[in-house]
Amino acid sequence: MTLIRNATVMTCDPQLPSLGLLERAAIRTEGPVITWIGKDLELPPELATGATIDAGGRLVTPGLVDCHTHAIFAGDRADEFAMRAAGATYLEIAAAGGGIRASTGPTRVASDEQLIALLHERLDTTRAAGTTSIEVKTGYDLTVAGELRLLRCIAAAAATSRSRVVPTLLAHLIPAERAADRDAYVRSLCTELIPEAGRARLATSVDVYCDEGAYTLAETRAILEAARAAGLAVRAHVGQFADLGGAELLAEFGGLSADHLEQVSATGITALAAAGVVAVMLPGACVQLRLPVPPVAALRAAGVRLAIGSDLNPGSSYCESLAVPMWLATTHFAMTVEEAWLGVTRHAAAALAIDAGTLTVGGPADLVLWRCTNPADVPYRYGSDLVDQVFSSRG
Ligand code: NIG
Ligand code: FE
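## Brief notes about the pairing of strand 2 (residues 21-30)
A regular strand places its side chains so that they alternate between the two faces of the sheet.
Logical step 1: Of the strand pairs in this sheet, strand 1 (residues 2-10) and strand 2 are connected by 6 bridges, and their pairing is antiparallel. For Met10, the partnering residue across the bridge sits in strand 2 and is Leu21.
Logical step 2: Two elements, strand 2 and strand 3 (residues 33-39), share 6 bridges in a ladder whose sense is antiparallel. What sits directly across from Thr29, in strand 3, is Ile34.
Logical step 3: From the end of strand 2 to the start of strand 3, which pair antiparallel, there are 2 residues, and Gly31 there has a positive phi angle of about 55°.

## Here's the deal with the nonpolar core
Logical step 1: Ranked by internal contacts, the top residues of the largest apolar core, which has 95 residues, are Tyr215, Ile223, Met281, Trp341 and Trp370.
Logical step 2: Per element, the largest residue contribution to this core is 8 residues, and it comes from helix 5 (residues 144-159).
Logical step 3: The residue makeup of this core includes at least three contributed by each of domain 1 (2-62 + 358-391) and domain 2 (64-352).

## Digging into the site of ligand 1
Logical step 1: In the vicinity of ligand 1, 15 residues are found, and the nearest of them are Arg77, Tyr90, Tyr140, Gln240 and Ser316.
Logical step 2: In the environment of ligand 1, an oxygen atom lies 2.8 Å from a nitrogen or oxygen atom belonging to the side chain of Arg77.
Logical step 3: Within the side chain of Tyr140, one N or O atom sits 2.5 Å away from an oxygen atom of ligand 1.
Logical step 4: Compared with its free state, where it exposes 330 Å², ligand 1 has 100% of that area covered by protein.
Logical step 5: For the shell around ligand 1, the residue count by class is 4 nonpolar, 9 polar and 2 charged.

## As for helix 12 (residues 323-331)
Logical step 1: Taken as a whole, helix 12 has its buried residues at Ala323, Pro325, Met326, Leu328, Ala329 and Thr330.
Logical step 2: Contacts made by the buried residues of helix 12 are with helix 10 (283-288), strand 13 (306-308), helix 13 (337-343) and helix 15 (377-380).

## Topic: the domain arrangement of the protein chain
Logical step 1: If you check the domain split of the protein chain, you get domain 1 (2-62 + 358-391) and domain 2 (64-352).
Logical step 2: Spacing between the C-alpha centres of domain 1 and domain 2 amounts to 30 Å.
Logical step 3: Listed as interface residues are 21 residues of domain 1 and, on the opposing side, 16 residues of domain 2.
Logical step 4: Summing both partners gives a buried area of about 1600 Å² for domain 1 against domain 2, and 72% of it is carried by carbon and sulfur.
Logical step 5: Taken as a group, Pro379, Tyr382 and Val390 account for 29% of the area that domain 1 buries against domain 2, more than any other trio of residues on that side.
Logical step 6: At the junction of domain 1 with domain 2, the criterion picks out 0 salt bridges.

## Remarks on the state of the cysteines
Logical step 1: This structure, assessed with the given rule, holds 0 disulfides.
Logical step 2: With no disulfide partner, Cys372 has as its closest neighbouring cysteine sulfur the one in Cys12, 14 Å distant.
Logical step 3: Under the relative-accessibility criterion, Cys372 is labelled buried at 4%.

## Some details on the coordination of the iron ion (ligand 2)
Logical step 1: Here the iron ion (ligand 2) is held by the protein donor atoms His68 (NE2), His70 (NE2), His237 (NE2) and Asp311 (OD), which lie 2.0 to 2.6 Å from it.
Logical step 2: Written as a sequence motif, the donor residues of the iron ion (ligand 2) are H-x1-H-x166-H-x73-D. With a gap of 243 residues between them, His68 in the loop between strand 6 (64-66) and helix 1 (78-85) and Asp311 in the loop between strand 13 and helix 12 connect regions that are remote in the sequence.

## Notes on the pattern of salt bridges
Side-chain pairs of opposite charge can arise whenever the charged atoms involved come near each other.
Logical step 1: Scanning the model with the defined rule gives 15 salt bridges in all.
Logical step 2: Taking the shortest distance from any N to any O, the salt bridge between Glu30 and Arg28 comes out at 2.9 Å.
Logical step 3: On the accessibility criterion, Arg28 (6% relative accessible area) is buried.
Logical step 4: For Arg221, the salt bridge goes to Glu252, with nearest N and O atoms at 2.9 Å. Of this pair, Arg221 sits in helix 7 (residues 217-229) while Glu252 sits in helix 8 (residues 246-252); the two residues are 31 residues apart in sequence, bridging distant segments of the chain.
Logical step 5: Judged by relative accessible area, Arg221 falls into the partly exposed class, the value being 31%.
Logical step 6: Connected through salt bridges with shared partners, the residues Arg108, Asp141 and Glu177 form a single ionic network.

## Focus: the packing of helix 5 against helix 6 (residues 182-199)
Logical step 1: Where helix 5 meets helix 6, the closest approach of the two axes is 10 Å, and the angle between their N-to-C directions is 20°. For the element pair helix 5 / helix 6, the angle class is roughly parallel. When the axes of helix 5 and helix 6 are compared, the crossing they make is right-handed. Here Val144, Glu147, Leu148 and Leu151 of helix 5 come into contact with helix 6, specifically with Ser188, Glu192, Leu193, Glu196 and Ala197.

## Regarding the side chain of Ser317
Logical step 1: Mapping Ser317 onto the fold places it in the loop between strand 13 and helix 12.
Logical step 2: Side-chain polar atoms of Ser317 contact the backbone oxygen of Ser310, separated by 2.8 Å.

## Points about the pairing of strand 9 (residues 205-210)
Logical step 1: Where burial is concerned, most of strand 9 is hidden: 6 out of the 6 residues are buried.
Logical step 2: Burial along strand 9 is two-sided: the residues Ser205, Asp207 and Tyr209 and Val206, Val208 and Cys210 are all buried.
Logical step 3: Alignment of strand 8 (residues 164-171) against strand 9, held across 4 bridges, turns out to be parallel. Paired with Ala171 across the bridge in strand 9 is Val208.
Logical step 4: The parallel pair strand 8 and strand 9, bridged by helix 6, forms a crossover whose chirality is right-handed.
Logical step 5: Bridge count between strand 9 and strand 10 (residues 233-238): 6 bridges; the pairing is parallel. Each residue of the ladder has a partner; that of Asp207, found in strand 10, is Arg235.

About the cut-offs
- Residues numbered from 1 in each chain as written.
- Chains lettered and ligands numbered in written order.
- Predicted model: local features only at pLDDT ≥ 70, side-chain atom pairs only at ≥ 80, totals over all residues.
- Heavy atoms only, no water.
- Pairing = 2+ DSSP bridges.
- Helix = DSSP H or I, 4+ residues; strand = E, 2+ residues; numbered from the N terminus.
- Core = buried A, V, L, I, M, F, W, Y, C linked by side-chain atoms within 4.5 Å.
- Buried < 20%, exposed > 50% of the residue type's maximum accessible area, 1.4 Å probe, protein only.
- Domains from an automatic or database assignment.
- Near = heavy atom within 4 Å.
- Polar contact = N/O pair within 3.5 Å; in protein donor to acceptor, adjacent residues only side chain to side chain.
- Areas by Shrake-Rupley, 256 points an atom, 1.4 Å probe, with all protein chains shown as cover.
- Nonpolar A, V, L, I, M, F, W, Y, C, P; charged D, E, K, R; others polar.
- Contact = heavy atoms within 4.5 Å.
- Buried area = accessible area lost by both parts, 1.4 Å probe.
- Salt bridge = Lys/Arg side-chain N within 4 Å of Asp/Glu carboxyl O.
- Disulfide = S-S within 2.5 Å.
- Donors = N, O, S within 2.8 Å, 3.2 Å for Na, K, Ca; no water.
- Axes fitted to C-alpha atoms, helices over the stretch in contact; angles between N-to-C directions.
- Parallel < 35°, antiparallel > 145°, perpendicular 65-115°, else oblique.
- Left-handed = near helix turned anticlockwise from the far one by under 90°.
- Right-handed = clockwise from strand over helix to strand, strands pointing away.

Structure representation (structure tokens):
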């Protein structure tokens, strides 16, 4: 049981306007669910029992939802970070044998135990920064058996984590050793890997990196078709470097999210809006790779819901906290504070199709007590650790 009183509660309840803020409010949880939320003065006396936290007006929000991470990998690419700082570009480094392929070596040789331990550490670090639900993509092995192994390691880490983990199978890249027979490789994804991931329920969605240097639009279509046939939801990395038409394709497939979107046409934006696809902004990777800002104003005007992810990965964004992307979103991306909060709560949960990201009676007891009172403080005081306590429905 947890009872927090005298708090500024950000419910993100879609029934309430804006962020659904309740001033001088109380919130009570029993086990994994929220049992009461409302004005402090209206708390029934029989519920005003047990150990109570006086928040002193500080903010209570839903546990944060990180809807885009590549958190299972071994090794790091700090050397590439230094090369970029000295002027090299991400695509140049990738063409010279670095990039995603530089992470497959250490990931393939790591044992299951090592990969599970590394993921556990990252889940703990992200949780301490307020993230209670987190998507984790595969994508750093690239062989059929190896990608299934990564999914099993994600499941093993998830089973003993207090975070809620949402596993995604990512078609990340054609591995170097299959470059000469890419059609056969894509077929193996469609006829072996994806059906098995669906049958064994190891992933809930399939993601495709549809971009220059990765999968073509035709390959993406084949992979999304296989995902749908396997009963899995679909999402895609689209337009980080080049607009191949991924947004339109994803809309046609009723995708959950289109991620990155630095390059997307007006037609692509209209298609995303019509299909209700969530646009996931990844400002950490965008800024670090010095890419143009996605068309936030046009996405907003079209009515596309915006989410924000950390893109935690060893290459373009080794970021284990959502507060920094919230800061970049509200400054560099010109998103409002309200959009930033919805982006890491309700809209991120929509991108994952999970019940999270809001505080409602009967909903999951995932919440964060912050060391500040104003929602703007979190991006405004970037770099400060403002998380006081994290409560999660998984204990
Ligand atoms: O989301 N764009 C593709 N994937 C990652 C980068 C992965 C890597 O560089 O290891 C991203 O930015
Ligand atoms: Fe990514």
